[in-house]
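Analysis of the macromolecular model
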Amino acid sequence: SNGSCLALLEGHSAGILATSFSPCGNLLASGSFDNTIRIWDVQTGACLQILTEHINWVTGLNFSPDGQWLASPSCDRTIRIWRVADWQCVRVLEGHSGWVWGIAWNSNSQLLASCSADCTAKIWSATTGDCLRSLEGHTTQIWRAVFSPDGQTIATGSEDQTISLWNVETGRRLTTITGYSNWVRPLVLSLDGQFFATGHKDKTLRIWSSVNNQCLQELKANEIGLSSLAFHPDNERLASGGMDNIV
């Protein structure tokens, strides 16, 4: 609520590309250029687990709303689904022809949305691993994809300086929001659906109203390359990760 830094979590050997809080708020996952995922205890700051199966950069992270799974996209062109109970990788999703930059769950933990350097976003069944739809229309790579709280819409943010909204059931593009002066890279919705936050090439972090698309706050965040954002379940705290190796 006041923008203060609560903790510094150090251990990655390279820049951080992704962060995600667990639904109960006791875990924070971070993904890095060092090809690993670290699981942190939010209260103590201790590193609880290191996941090492990706063979290239870990570009995104997202816990499922039911808290049972963690999804991780990578520059190895795959998405891995991890079981939180024992941190085993239970499924590998393949289908993108370029690096995969982001991943999101719908509210009932049944669907995943991914986005890629191949200029597409894809909708997947989390239970079968099947690709259900491919969303095409952006002219350059897509950095982030997120579901609306009701699960009926997906928002995608692209290097083409636009945000597009898509119908989940049909895959049809509903609208395109323009007017951004630089890349929209990190893109995240608050769990109550009232706000969304975006990160930009100029190192600013902006918090927007989902009601009227107005910018509510513009903050300076990580000094080098703001690359990841995650709302805490209380909707009052926001984690940012950057190329300065700091969350």
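Located above this text is the structure these notes cover.
This part covers the sheet that holds strand E3 (residues 37-41). With antiparallel pairing, 4 strands are arranged side by side in an open sheet as E1-E2-E3-E4. Looking at the sheet topology across the chains shown, the edges are occupied by strand E1 (16-21) and strand E4 (47-51). Across the sheet, the axes of successive neighbouring strands diverge by a mean angle of 20°, strand direction being ignored.

The next point concerns the sheet that holds strand E10 (residues 111-116). Pairing is antiparallel across the open sheet formed by 4 strands, whose spatial order is E9-E10-E11-E12. Taken across any chain shown, the strands that pair with only one partner, and hence form the sheet edges, are strand E9 (100-105) and strand E12 (131-136). The sheet shows a mean angle of 20° between the axes of neighbouring strands, direction not considered. Where E9 and E10 come together, 5 bridges link them in antiparallel fashion.

Below, the discussion takes up the pairing of strand E16 (residues 173-177). Taken residue by residue, a regular strand's side chains alternate between the two faces of the sheet. Two elements, strand E15 (residues 163-167) and E16, share 4 bridges in a ladder whose sense is antiparallel. Counterpart to Leu 165 in the pairing with E16 is Thr 175. Connecting E15 to the next strand, E16, in antiparallel fashion are 5 residues, including Gly 171 with a positive phi near 80°.

Bringing the packing of aromatic side chains into the picture now. Under the definition given, this model contains 5 aromatic pairs. Look at Phe 33 and Trp 57: their rings are 4.3 Å apart centre to centre, the planes differ by 90°, and that puts the pair in the edge-to-face class. A residue pair is termed long-range when its members are at least 10 positions apart, and Phe 33 in the loop between strand E2 (27-32) and E3 and Trp 57 in the loop between E4 and strand E5 (62-63) qualify at 24 residues. On the basis of relative accessible area, Phe 33 is assigned to the partly exposed category, the value being 25%. Given a relative accessible area of 28%, Trp 57 falls into the partly exposed group.

Take the pairing of E10 next. Most of E10 sits inside the fold, with 6 of its 6 residues counted as buried. Covered by surrounding structure in E10 are Leu 111, Ala 113 and Cys 115 together with Leu 112, Ser 114 and Ser 116, the residues of both alternating faces. As consecutive antiparallel partners, E9 and E10 are separated by 5 residues, and within that stretch Ser 109 has a phi angle of approximately 65°, a positive value. Bridge analysis of E10 against strand E11 (residues 120-125) gives 5 bridges, and the strand direction is antiparallel. Within E11, the residue paired with Cys 115 across the bridge is Ala 121. Linking E10 back to E11 in an antiparallel pair, the connection comprises 3 residues, with Cys 119 at a positive phi of about 75°.

Okay, the pattern of salt bridges next. In the structure shown here, the tally under the stated rule is 4 salt bridges. Close ionic contact of Arg 83 with Asp 86 constitutes a salt bridge, the shortest N to O distance being 3.0 Å. A relative accessible area of 31% means that Arg 83 is categorised as partly exposed. Among the salt bridges present, the one from Asp 234 reaches Arg 237, with a minimum N-O distance of 2.9 Å. On the basis of relative accessible area, Asp 234 is assigned to the partly exposed category, the value being 32%.

Thresholds, definitions, all that
- Here the residue numbers are simple positions, counted from 1 along each chain's written sequence.
- Selection of residues for local features in this predicted model requires a pLDDT of at least 70, selection of side-chain atom pairs for listing and counting requires 80 or more, and totals for whole chains, interfaces and linings are taken over all residues.
- Calculated side-chain values reflect all of the structure's heavy atoms, with hydrogen atoms and water omitted.
- For two strands to count as paired, DSSP must find a minimum of two bridges between them.
- The secondary structure listing takes helices from DSSP runs of H or I that are at least 4 residues long and strands from runs of E that are at least 2 residues long, numbered from the N terminus.
- Comment: axis = line fitted to C-alpha atoms, over the contacting stretch for helices; angle = value between 0 and 180 degrees taken between N-to-C directions.
- Pairing of aromatic rings covers Phe, Tyr and Trp, the last counted by its six-membered ring, and requires centre-to-centre distances within 6.5 Å; plane angles under 30 degrees mean stacked, over 60 mean edge-to-face, and any other angle means tilted.
- Think of it in three bands: with a 1.4 Å probe and only protein chains considered, a residue is buried below 20% of the maximum accessible area for its type, exposed above 50%, and partly exposed in between.
- Salt bridge, as used here: a side-chain nitrogen of Lys or Arg that lies within 4 Å of a carboxyl oxygen of Asp or Glu.

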